[in-house]
Every structure is written in C-alpha cells, then in structure tokens.
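Listed here are the chains, written in short residue letters.
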Amino acid sequence: MKSSEILFPTTIFTNNLLTGEGVKNDTRRLADVDTIFANQPALKEMDRQQTIYRVSSFLPVRENTSGGLFFGITTLYPGKVGDEYFITKGHYHSHVDTAEFYWGVEGEGMLILMDLERNVWAERMFPGSLHYIPGKVAHRVANTGYRNLVFSACWPSDAGHDYDSIARDGFAKRLLDMDGVPTLR
Ligand code: PAN
Ligand code: ZN
C-alpha cells in the first residue's frame, strides 16, 4: 500500500542521461550502422569504431505491455559520411499504428519522416521543438549542426521496432549537405 507515502523516484534524468531502475543504455558505432549510408567509399576512410549515437532508455514495464510508456534520450554526434549527415538507423513501429513524441533538447537537426507510400518529408529540430510522429510513419534523425544533437522521445511500450524494412528498402530520400544547405534528395 502506497497510501500517504512520499517516495523518491527510482529513476533520475540528469545531464541528458538516465540512471536508476529500468534504464538501458545503447551505443551505436559507425560499424553497427554503416549500411545506412550511401557513400560506401567515403565510409571506408573513416574510423568505424567511432560512436555515432547513444540512446538512454527508461523501460518501466516489459516490452509489449499494452497501455505502458517508454521514455528515451538520444545523443547523436555531429559528422557526415561524404555529404550525408550522421543519422539514426530509423524504423517503423512493429505495431504500425502506434505514434510517438520526439522533442529537441540541444543542438540542431532534422526529423526525417516517411509514410507507407514512401513519401518523405522533414521537420527541423532545435531546443524546444516538439514533434508528433503519427502511426504508420517511419522516423529517423539527422544531426545537421556542429555539436551534439540531443532529443527525447516517448512511445508506447507495445510499439516495437521494425528495423528490417528500413535496412532492406531504406528511406526514399536522403538528407545531404548541398553547399551547406540540408537538402532531401
Ligand atoms: C527512439 C529511437 C532512438 C534511436 O527512442 O529508438 O532515437 O533511433 P533508432 O532506434 O532508429 O536507432 C524511438 O524512436 N523509439 O521508438
Ligand atoms: Zn520510434
């Protein structure tokens, strides 16, 4: 019984990292995500052990629990492979109808979205930008700036991640640095 008790939270969110119960930290190195980039010759010249992004997630319930929520914070480092900005892998949700919130915390970037008909568009990300990602929309983020891009996310615990469709078919457009201007091509 928690009646009248005053509790301290089990999980703390400071310096863009989570600590405490139910926290999972993942690191994605260039070697883990190299197939997502178009310019494979440029990639061969790069340090494949460098970290591209880190994800700190708070998973307070079991994966696939209906009605629950997950929370995450991603730090995406600045850089490019050829003309293509560093990006997250990107995914549809396995339960394709489930939506998600992203919001910008630090740095500058672009949220790249693709619907099931493979139409691609993007939203600018900056500290305070808030993004509602509807169901049936694949999502990935690019860092278009010179410092870390940090963003948070909240998604249903039964959403799941379908990485395979994106690994197989990619996004229909890439975000490239065209003379200093982020451009979808
Ligand atoms: C986010 C992402 C996170 C990393 O928490 O999982 O930013 O991107 P990838 O999962 O595409 O590598 C989210 O969208 N959760 O659903
Ligand atoms: Zn997602």
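Below, the structure is looked at part by part. Residue positions are given per chain, counting from 1 as you read along its sequence in written order. Chains carry letters from A onward and ligands carry numbers from 1 onward, assigned in written order. Where local features are concerned, this predicted model is filtered to residues with pLDDT of at least 70; where side-chain atom pairs are given and counted, the filter is 80 or more; whole-chain, interface and lining totals use all residues. No hydrogens and no water enter the side-chain calculation; it runs on all heavy atoms of the structure.

**Some details on the pairing of strand S14 (residues 149–156)**
In this scheme, a residue with accessible area under 20% of its type's maximum is buried, one over 50% is exposed, and one in between is partly exposed, where area comes from a 1.4 Å probe on protein chains only. Segments assigned H or I by DSSP are reported as helices when at least four residues long, segments assigned E as strands when at least two residues long, and all are numbered from the N terminus. A large share of S14 lies buried, amounting to seven of its eight residues. Being paired, for any two strands, means DSSP has found at least two bridges between them. Summarising the sheet, strand S5 (residues 69–76) and S14 pair through eight bridges and their orientation is antiparallel. Paired with Phe71 across the bridge in S14 is Cys154. Here five bridges tie strand S9 (residues 100–106) to S14, and the two strands are oriented antiparallel to one another. Paired with Glu106 across the strands is Val150, a residue of S14.

**Considerations on the environment of Thr10**
Take Thr10: it is sitting in the segment before strand S1 (11–14). Given a relative accessible area of 45%, Thr10 falls into the partly exposed group. Sequence separation of Thr10 and Glu21 is 11 residues, and the distance between their C-alpha atoms is 5.7 Å. The criterion used for residue contact is that any of the two residues' heavy atoms lie within 4.5 Å. Sequence-distant contacts of Thr10, defined by excluding residues within four places in its chain, comprise Thr19, Gly20 and Glu21. Think of a polar contact as two N or O atoms within 3.5 Å of one another; within protein, one of them needs to be a possible hydrogen donor and the other a possible acceptor, and neighboring residues in sequence only count if both atoms come from side chains. Only 3.3 Å separates the side chain of Thr10 from the side chain of Thr11, close enough to count as a polar contact.

**Things to note about the sheet that holds strand S10 (residues 109–115)**
Pairing within the open sheet is antiparallel, and its three strands lie in the order S11-S10-S13. Two strands lie at the open edges of the sheet, namely strand S11 (120–125) and strand S13 (137–143), each paired on one side alone. The sheet shows a mean angle of 25° between the axes of neighbouring strands, direction not considered. Relative to S13, S10 runs antiparallel, the two sharing seven bridges. Residue Met114 lies in a different strand from S13, and its bridge partner there is Ala138. Axis definition: a line fitted to C-alpha atoms, limited for helices to the stretch in contact. Angles are taken between N-to-C directions and run from 0 to 180 degrees.

**Examining the sheet that holds strand S4 (residues 51–58)**
Hydrogen bonds along the backbone pair up the strands of a sheet, which may run parallel or antiparallel. Read from one edge of the open sheet, six strands run S3-S4-S5-S14-S9-S12, paired in antiparallel fashion. Looking along the sheet, the strands with just one partner apiece sit at the ends: strand S3 (23–29) and strand S12 (130–133). Adjacent strand axes in the sheet meet at a mean angle of 20° when their direction is disregarded.

**Regarding the pattern of salt bridges**
We count a salt bridge whenever a side-chain nitrogen from Lys or Arg sits within 4 Å of a carboxyl oxygen from Asp or Glu. In the structure shown here, the tally under the stated rule is six salt bridges. The partner of Glu84 in a salt bridge is Arg174, and the shortest N-O contact between them spans 2.7 Å. Of this pair, Glu84 sits in strand S7 (residues 84–85) while Arg174 sits in the loop between helix H3 (164–169) and strand S16 (175–178), placing them 90 residues apart in sequence. Classification of Glu84 by relative accessible area gives buried; the value is 3%. On the basis of relative accessibility, which here comes to 28%, the residue Arg174 falls in the partly exposed class. One salt bridge connects Asp169 with Arg168, and the closest N-O pair in it is separated by 3.2 Å. In this structure Asp169 comes out as partly exposed when scored by relative accessible area, which is 41%.

**Concerning the coordination of the zinc ion (ligand 2)**
For Na, K and Ca the donor cut-off is 3.2 Å, and for all other metals it is 2.8 Å, counting N, O and S atoms only; because water is absent from this set, sites may look incomplete. At this site the zinc ion (ligand 2) is bound by His91 (NE2), His93 (NE2), Glu100 (OE) and His139 (NE2), with donor distances of 2.1 to 2.3 Å. Metal-centred angles of 73 to 171° between the six donor atoms at the zinc ion (ligand 2) mark the site as octahedral. Positions of the donor residues of the zinc ion (ligand 2) along the chain correspond to the pattern H-x1-H-x6-E-x38-H. The pair His91 / His93 is uniform in exposure class, with both members buried. Note on geometry labels: four donors, all angles 85 to 135 degrees, give tetrahedral; four donors become square planar and six octahedral when opposite donors are over 155 degrees apart and every other angle is between 65 and 115; remaining cases are irregular.

**Quick look at a nonpolar patch on the surface**
Taken together, the side chains of Phe101, Leu130 and Tyr132 define a hydrophobic patch exposed on the protein surface, amounting to about 350 Å² of accessible area. You can see Leu130 is positioned in strand S12. Any residue with relative accessible area above 30% and no salt bridge may belong to a patch, with like charges joined within 9 Å and the nonpolar Val, Leu, Ile, Met, Phe, Trp and Tyr side chains within 5 Å. All accessible areas in this document rest on Shrake-Rupley with a 1.4 Å probe, and a residue is counted as covered only by the protein chains that are shown.

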